[in-house]
Amino acid sequence: MTEPNENPAEPDRRMNLTAALEVLARARTDRHVVVTNQGSARVWPQIADHPLDFHYVPSAMGGAIPFALGLALARPDREVITVSGDGSLLMSLGCLVTVTASHAANLSIVLIDNGVYEVTGCQKTPAATADVDYAGLARSAGFPNVAHFWDEGDWQRRGPKVLALRGPRFISLEVEPVRGGYGPIAPCPLLEQVTRLRERLAQSSK
Amino acid sequence: MTANAPPSLFIGSEIAESLADVGFTHVVWLPDSAIGLWEEALDSSPRLTLVRVCREGEAWALAAGLHIGGKKPLVVMQTTGLFESGDALRNVLFDMELPILSLIGARSWLVPGSKDSAFRFAEPILKAWGIDYRLIARPEDKPLLAEYFAERLKTGRAGAVVVAEGPP
């Protein structure tokens with residue numbers, strides 16, 4: 001499935017971050033591992049709490065997608081969703097090719113495209129003034145299924161269907177920045193999360 | 001060593017056998033000209049999965065995901081990649097405290113008189129990061145590779161093996 005980027009969102013038509021993530025929280029199942037990062041890691045714990053949630057904070061910026069790919073490769077019996085910011089993706093655009101080269105059919109990348117480095121005070125990313133088509137980049141990198149949403153109703157209607165298509169999948173969401181949303185915050189320390197996810201995955205593999 | 005130093009002290013088949021024997025399941029790599037000679041052996045090993053990354057920083061996070069998912073990954077790259085991926089390894093080894101192991105190729109180490117900064121900074125950087133390592137710079141050191149990795153896997157501790165290389 002592909003969506004042409006012929007109608008990029010006007011700033012006032014971007015989705016609200018919480019509303020966009022609520023759609024994803026409703027679509028995920030007990031089979032899904034969800035890796036959040038940066039701004040999404042701050043919002044997700046307010047709307048969902050699942051033993052297979054992993055809030056990658058503190059992270060190495062740009063690491064969420066390769067981290068999720070590692071999980072997906074280790075556990076092909078699971079579906080892995082990673083929620084990445086556009087600034088993080090820009091730090092390591094090559095990881096899109098790493099993902100497609102790996103043929104990880106159980107990985108979904110959900111890109112929060114807000115055009116800014118939200119957690120450091122909403123400075124513009126280089127892409128904010130460059131008319132970057134992330135869905136187009138993913139398509140060119142070889143993702144078999146790519147979607148681009150800027151309307152919440154459309155994302156709500158079709159998002160779950162896209163998540164069920166053959167992976168790896170790339171979903172770009174045009175989202176309004178959260179002004180004043182400084183700093184990624186995780187609900188519990190990273191080491192606790194590592195232990196919780198490792199144990200949960202080990203239990204489910206028995 | 002002579003000016004005609006070999007590109008690598010190891011051949012692919014012995015590396016692939018050693019890594020699989022000690023228990024690694026995945027090799028996450030970005031090769032250089034010496035390590036790259038191992039590609040066919042690693043890629044064809046029925047006991048190893050070779051994962052190619054586009055930049056070295058990806059390798060550490062990817063290995064972290066593999067490890068938490070229950071696998072035993074080895075990160076393989078040149079010293080230049082080690083330098084590039086400092087923040088990624090900082091996060092994985094020190095924030096997440098994961099016992100990820102790595103094999104680092106030290107370019108030009110075997111070239112007498114080489115001033116290549118790619119190898120000169122290798123040990124200082126590893127020491128600065130506080131990463132335990134073993135250096136394999138002579139043929140007689142080669143058994144160290146399997147011994148060290150086996151011990152670190154058994155005890156669940158991070159570490160690196162630095163393998164001296166010839167010219168790029």
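The structure reproduced in this document is the subject of the present report. Bear in mind the structure is a predicted one, so any value in this text is a computation, not a measurement.

Moving on, we come to the packing of aromatic side chains. Across all of its chains, the model carries 9 aromatic pairs over all chains by this definition. Between Y148(B) and F149(B), the aromatic rings sit 6.1 Å apart at their centres with planes inclined by 50°, giving tilted as the arrangement. Take Y148(B): its relative accessible area is 3%, and that puts it in the buried class. For F149(B), a relative accessible area of 0% corresponds to the buried category. Linked through ring pairs, F54(A), Y56(A) and F67(A) together constitute an aromatic cluster. In this arrangement the basic side chain of R120(B) is found over the ring face of F121(B), its NZ or CZ atom lying 5.6 Å from the centre. The ring of F10(B) carries the charged tip of K142(B) above its face, separated from the ring centre by 5.2 Å.

Take the interface of chain A and chain B next. Tallying the contact residues gives 26 residues for chain A and 22 residues for chain B. When the area that chain A buries against chain B is broken down by residue, the three leading residues are T98(A), L191(A) and R198(A), summing to 24%. The tally of links between chain A and chain B comes to 5 residue pairs in polar contact (both at pLDDT 80 or more). Looking at the side of chain A that touches chain B, the elements with two or more residues in it are α3 (64-74), α5 (95-102) and α8 (190-204) of chain A. Per element, the largest residue contribution to the side of chain A that touches chain B is 7 residues, and it comes from α3(A). Looking at the side of chain A that touches chain B residue by residue, the class counts come to 18 nonpolar, 6 polar and 2 charged.

Calculation criteria
Residues numbered from 1 in each chain as written. Chains lettered and ligands numbered in written order. Predicted model: local features only at pLDDT ≥ 70, side-chain atom pairs only at ≥ 80, totals over all residues. Heavy atoms only, no water. Phe/Tyr/Trp six-rings, centres within 6.5 Å; stacked < 30°, edge-to-face > 60°. Buried < 20%, exposed > 50% of the residue type's maximum accessible area, 1.4 Å probe, protein only. Lys NZ or Arg CZ within 6 Å of the ring centre and 35° of its normal. Contact = heavy atoms within 4.5 Å. Buried area = accessible area lost by both parts, 1.4 Å probe. Polar contact = N/O pair within 3.5 Å; in protein donor to acceptor, adjacent residues only side chain to side chain. Helix = DSSP H or I, 4+ residues; strand = E, 2+ residues; numbered from the N terminus. Nonpolar A, V, L, I, M, F, W, Y, C, P; charged D, E, K, R; others polar.

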